[in-house]
Amino acid sequence: MVYGGYSYIDKRYEPTQDDFVALFWVEGKNRIEKIAEAIAAESSVGTWTKLKTMNEFVWQRLRARVFRIAEVSANSGLVWIAYPFEHFDTKNIIQFKASVLGNIFGMKELNALVALDIQFPKRYQEQFSGPLGGIEGIRKRIGTEKTARPHLGTIVKPKVGLTPKEFAAVAYEAYVGGCDFVKDDENLVDQDFCKFWERAIAMLEVLDRIKSETGRTVLYAPNISDRYEVMLERLDFLKSNNASMVMLDVFQIGYSALANILNETKKRGLFVHAHRAGYAAEARGKFGINFVIHEKFYRLLGVDQLHVGTGVGKMEGSPLYVRRLNRILREDVEEAIHLGSLAQNWSAHIKPVFPVASGGIDPTLVEGALAIHGPDVVLQAGGGIHGHPGGTRVGAIAMVQAIDAVISNIPLREYAKTHPELKSALELWGYRPRTANMVKKLLEQEEKRKAVLKRAALKQGFKEILKYM
Ligand code: CAP
Ligand code: MG
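Description of the structure in this document. (Residues numbered from 1 in each chain as written. Chains lettered and ligands numbered in written order. Predicted model: local features only at pLDDT ≥ 70, side-chain atom pairs only at ≥ 80, totals over all residues. Heavy atoms only, no water.)

**As for the overall build of the chain**
Helix and strand content of the chain: 20 helices and 13 strands. C-alpha extents for the chain along the principal axes are approximately 75 × 50 × 35 Å. The proportion of buried residues among the 469 residues of the chain is 57%. Here the chain has roughly 18900 Å² of accessible surface; of this, 52% comes from carbon and sulfur atoms. The chain carries 63 positive and 54 negative side-chain charges, and their two centres are separated by 4 Å. (Helix = DSSP H or I, 4+ residues; strand = E, 2+ residues; numbered from the N terminus. Buried < 20%, exposed > 50% of the residue type's maximum accessible area, 1.4 Å probe, protein only. Areas by Shrake-Rupley, 256 points an atom, 1.4 Å probe, with all protein chains shown as cover. Lys, Arg positive; Asp, Glu negative; His and termini not counted. Charge placed at Lys NZ, Arg CZ, Asp CG, Glu CD.)

Next comes the structure, spelled out in structure tokens:
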């Protein structure tokens, strides 16, 4: 098979340790080999026809190679493509994405194209500095390096509309109730009803007040997401007022500004809480880029905390897939084809990032969320705290009680007998032990059934993988 006069399939090819390896799900009008060649050509050196201008260096050293195809039908399957390191302007994520995640999504002959995962070689990782502090740095700041317990965070709700004073008062209640961390919502920045500076000053005063009243160091992540120069101004303002953390809507900011602003946050010693609002627009359906690819870029560029889903709440992401995202932020992982996920090793200098589980969480879901994430997680509840019948402070207390019960292995209903704040939360939101039991069973079975799951994924392709994502 050829595409544009050349054949990009080389099934004897063994990717080198410096190659990037991309895994795609493809469906199209032509035979699967031809589709795979078209993708390799259009994402590396070729085009639709033979070129008089092609030369030995380009063809031998820069082309992508299709080295594995798991055919599901005559015109669909999983495709593994190796990209040589020297193809890329490796300091430049924009160029990388324009190559491997660019034109191919617009090719008329395709009916589906999902970039499931990309494996980044260590040689590529060397040029990134990774997180300022990551899990270890944040734990040190809050003082949980010994207990290594989950952190509790909240998002002040309503999402927007409170005045700076009202916002700070809600945050104070959340901290007193036991929250380690408060953030702005993803759509709160500098609206007239709650100016960024005023909110930041009011919140920094609350942090000092909590410190003096309780001795606890707690964190606040103000959302600085905006035009680049404005974000820079806000960084300097926050730094000069002894802030320790900022929040970025990383997906909306885009990689160019993000790479730069993260250099600036690190220069100023500011931790970064990364919100991913919008990623799902390109991660669900027949054409898309899986969030795991962004997650790896965000870790390389150096966010300290990153939303990865809960596996049990209101946002997309199965327990297995969310656990996978949590693991990839923290450790090396083996291949998991049933999740469309490649093996990934990390350079020692790219610190682990704190996974954030947020979205529809209330005390009844803490058991399932912690079964998925384990203790290295920032468990975040917005409505699940500010919607508590007893108000914000009691809502935070109920969440702390749920976390304490789960890490002490005490059934929530048992714990609620002596903890009224938790009891009223379980009554309001309806505790179903079945949810956590189902999640735990799914997680346990994954390890045992790995070979069966892999075979099914190779045979059935994306529709099988989707069952577990
Ligand atoms: C959660 C949240 C989070 C999303 C993010 C919201 O509020 O603040 O932004 O959950 O989703 O605005 O919905 P609740 P993800 O706790 O009240 O649901 O972490 O999946 O990116
Ligand atoms: Mg939000």
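**Describing the packing of helix 11 (residues 291-301) against helix 12 (residues 319-330)**
Interaxial distance between helix 11 and helix 12 falls to 10 Å at its minimum, and their mutual angle equals 20 degrees. In terms of axis orientation, helix 11 runs roughly parallel to helix 12. In this structure, helix 11 meets helix 12 at a crossing whose hand is right-handed. Between helix 11 and helix 12, the contacting residues are Phe-291, Val-292, Glu-295, Lys-296 and Arg-299 on the first element and Tyr-321, Leu-325, Ile-328, Leu-329 and Arg-330 on the second. Residue composition of the contact of helix 11 with helix 12, by class: six nonpolar, no polar and four charged. (Axes fitted to C-alpha atoms, helices over the stretch in contact; angles between N-to-C directions. Parallel < 35°, antiparallel > 145°, perpendicular 65-115°, else oblique. Left-handed = near helix turned anticlockwise from the far one by under 90°. Contact = heavy atoms within 4.5 Å. Nonpolar A, V, L, I, M, F, W, Y, C, P; charged D, E, K, R; others polar.)

**Quick notes on the nonpolar core**
Core analysis: the biggest nonpolar cluster contains 152 residues, and Phe-24, Tyr-175 and Leu-248 have the highest contact counts within it. Of the residues forming this core, the biggest block, eight residues, is contributed by helix 7 (residues 196-214). Sequence-distant contacts of Tyr-175, that is, excluding residues within four places in its chain, are made with Asp-180, Phe-181, Val-182, Met-203, Val-206, Leu-207, Ile-210, Arg-216, Val-218, Leu-219 and Tyr-220. Of all hydrophobic cores here, the second largest spans twelve residues; its members include Ile-135, Ile-142, Phe-271 and Phe-354. (Core = buried A, V, L, I, M, F, W, Y, C linked by side-chain atoms within 4.5 Å.)

**Quick look at the side chain of Gln-344**
The topology assignment puts Gln-344 in the loop between helix 12 and strand 12 (354-358). A relative accessible area of 1% means that Gln-344 is categorised as buried. Of the polar contacts made by the side chain of Gln-344, one reaches the backbone nitrogen of Phe-120; its length is 2.9 Å. A distance of 3.0 Å separates the side chain of Gln-344 from the side chain of Lys-296, its partner in a polar contact. Ignoring anything within four residues of it in the chain, the contact list for Gln-344 reads Ile-118, Gln-119, Phe-120, Gln-125, Lys-296, Asp-332 and Val-333. (Polar contact = N/O pair within 3.5 Å; in protein donor to acceptor, adjacent residues only side chain to side chain.)

**Topic: the packing of helix 15 (residues 392-407) against helix 17 (residues 420-429)**
It is the contact of helix 15 with helix 17, at a shortest axis distance of 8 Å, that shows an interaxial angle of 95 degrees. With respect to each other, helix 15 and helix 17 are oriented roughly perpendicular. Along the contact surface, helix 15 presents Val-394, Ile-397, Ala-398, Gln-401 and Ala-402, while helix 17 presents Glu-421, Leu-422 and Ala-425. For the contact of helix 15 with helix 17, the class distribution of residues is six nonpolar, one polar and one charged.

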